Amino acid sequence: MKLLDIIQKHCSIRQYAPTPVEQEKVEYILEAARLAPSAVNYQPWYFLVIEEKKNRDKVVSCYPREWIRTAPLFIVVCGDRNQSWKRASDQKDHLDIDAGIAIEHICLAAAEQELGSCIVCNFEISLFRSSFHLPEQVEPVAIIPIGYPTTPELFTQTPKKRKPLEEIVRKETF
């Protein structure tokens, strides 16, 4: 499958079948995340894989939405502020950019493997941090539920609502 086909296929899935995700697919997704580029190649991330029910329940307590309960697997992308690159001219921390690239690699790799995913950033950070014993400098950036969609047709039936290129592209100057 071509990259653009995978990108067009990917959509936020919020209905998961109870089927466990095969270990080889989890490893494939994690390898895709590991290979993501980062500023100055600092790779300031950790990927927390959560499969056990008691730990999935902890995740749900941080984001108490009914749909997320059905996911058989979570990958939580965390970033280490002590390891991230800061731009010299203004000290802009590139942790969120680096984590965002890794997150997208995870979601696209999942879609390629016929797995659904959804990027969840609106969760109780302090509860998550304490529930999973994160060090002070490590920030949970996003929870990514992953699993087989209950309706695989969602990959093709979910419309992409995107602005046209002529509305978002500027040439040579703004």
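See the structure above.
Everything quoted here is computed from the prediction, not taken from an experiment.

Looking only at helices and strands, one finds 7 helices and 4 strands in the protein. If you list the helices and strands of the protein from N to C, you get α-α-β-α-β-α-β-α-β-α-α. Scaling as 2.2 N^0.38, a compact globule of 174 residues should have a C-alpha radius of gyration of about 16 Å, and the protein matches this with 17 Å. Taking the principal axes of its C-alpha atoms as reference, the protein extends roughly 50 × 40 × 30 Å. Considering the protein as a whole, with its 174 residues, one finds that 43% of them fall into the buried category. Here the contacts in the protein between residues at least 6 apart in sequence split such that 78% fall between residues at least 24 apart. A total accessible area of about 10200 Å² is found for the protein, and carbon and sulfur atoms account for 54% of it.

Although it is not a glycine, Glu-114 sits at a positive phi angle of roughly 70°. Structurally, the position occupied by Glu-114 is in the loop between helix H4 (95–112) and strand E3 (116–117). Within the chain, His-133 stands out as a residue other than glycine whose phi angle is a positive 55°. Mapped onto the fold, His-133 is located in the loop between helix H5 (125–131) and strand E4 (138–147).

Next up on the list: the packing of aromatic side chains. Taken as a whole and judged by the stated rule, the model has 4 aromatic pairs. Each ring, one from Tyr-63 and one from Trp-67, has its centre 6.0 Å from the other, and the planes form 75°; the classification is edge-to-face. Accessibility assignment for this pair places Tyr-63 and Trp-67 in one class, buried. With a centroid separation of 5.8 Å and 70° between ring planes, the pair formed by Phe-123 and Phe-128 is classed as edge-to-face. Pair check on accessibility: Phe-123 and Phe-128 agree, each one buried. Aromatic rings pair up to connect Phe-123, Phe-128 and Phe-132 into one cluster. It is Lys-58 that lies over the ring of Phe-132; its NZ or CZ is 5.6 Å from the centre. Over the aromatic face of Phe-174 sits the side chain of Arg-170, whose NZ or CZ is 5.0 Å from the ring centroid.

For the rest of this paragraph, the subject is the sheet that holds E3. The pairing of strands in a sheet comes from backbone hydrogen bonds and takes either a parallel or an antiparallel form. Pairing within the open sheet is antiparallel, and its 4 strands lie in the order E1-E2-E4-E3. Bordering the open sheet on either side are strand E1 (45–50) and E3, each of which pairs with just one other strand. Summarising the sheet, E3 and E4 pair through 2 bridges and their orientation is antiparallel. When the sheet's bridge partners are listed, Ser-117 is paired in E4 with Ile-146. Along the sheet, helix H2 (residues 23–34) makes contact with E1, strand E2 (73–80) and E4, crossing E1 at roughly 165°.

Moving on to the pattern of salt bridges. Any two side chains of opposite charge can pair, so long as their charged atoms come close to each other. Taken as a whole, this structure holds 9 salt bridges when the rule is applied. Lys-86 is the salt-bridge partner of Asp-93, the closest N and O atoms lying 4.0 Å from each other. Of the residues examined, Lys-86 reaches a relative accessible area of 29% and is grouped as partly exposed. One salt-bridge network, held together by shared partners, links Arg-81, Lys-86, Asp-93, Asp-96 and Glu-139.

Definitions and limits used
Residues numbered from 1 in each chain as written. Predicted model: local features only at pLDDT ≥ 70, side-chain atom pairs only at ≥ 80, totals over all residues. Heavy atoms only, no water. Helix = DSSP H or I, 4+ residues; strand = E, 2+ residues; numbered from the N terminus. Rg over C-alpha atoms; globule rule 2.2 N^0.38 Å. Buried < 20%, exposed > 50% of the residue type's maximum accessible area, 1.4 Å probe, protein only. Contact = heavy atoms within 4.5 Å. Areas by Shrake-Rupley, 256 points an atom, 1.4 Å probe, with all protein chains shown as cover. Phe/Tyr/Trp six-rings, centres within 6.5 Å; stacked < 30°, edge-to-face > 60°. Lys NZ or Arg CZ within 6 Å of the ring centre and 35° of its normal. Pairing = 2+ DSSP bridges. Axes fitted to C-alpha atoms, helices over the stretch in contact; angles between N-to-C directions. Salt bridge = Lys/Arg side-chain N within 4 Å of Asp/Glu carboxyl O.

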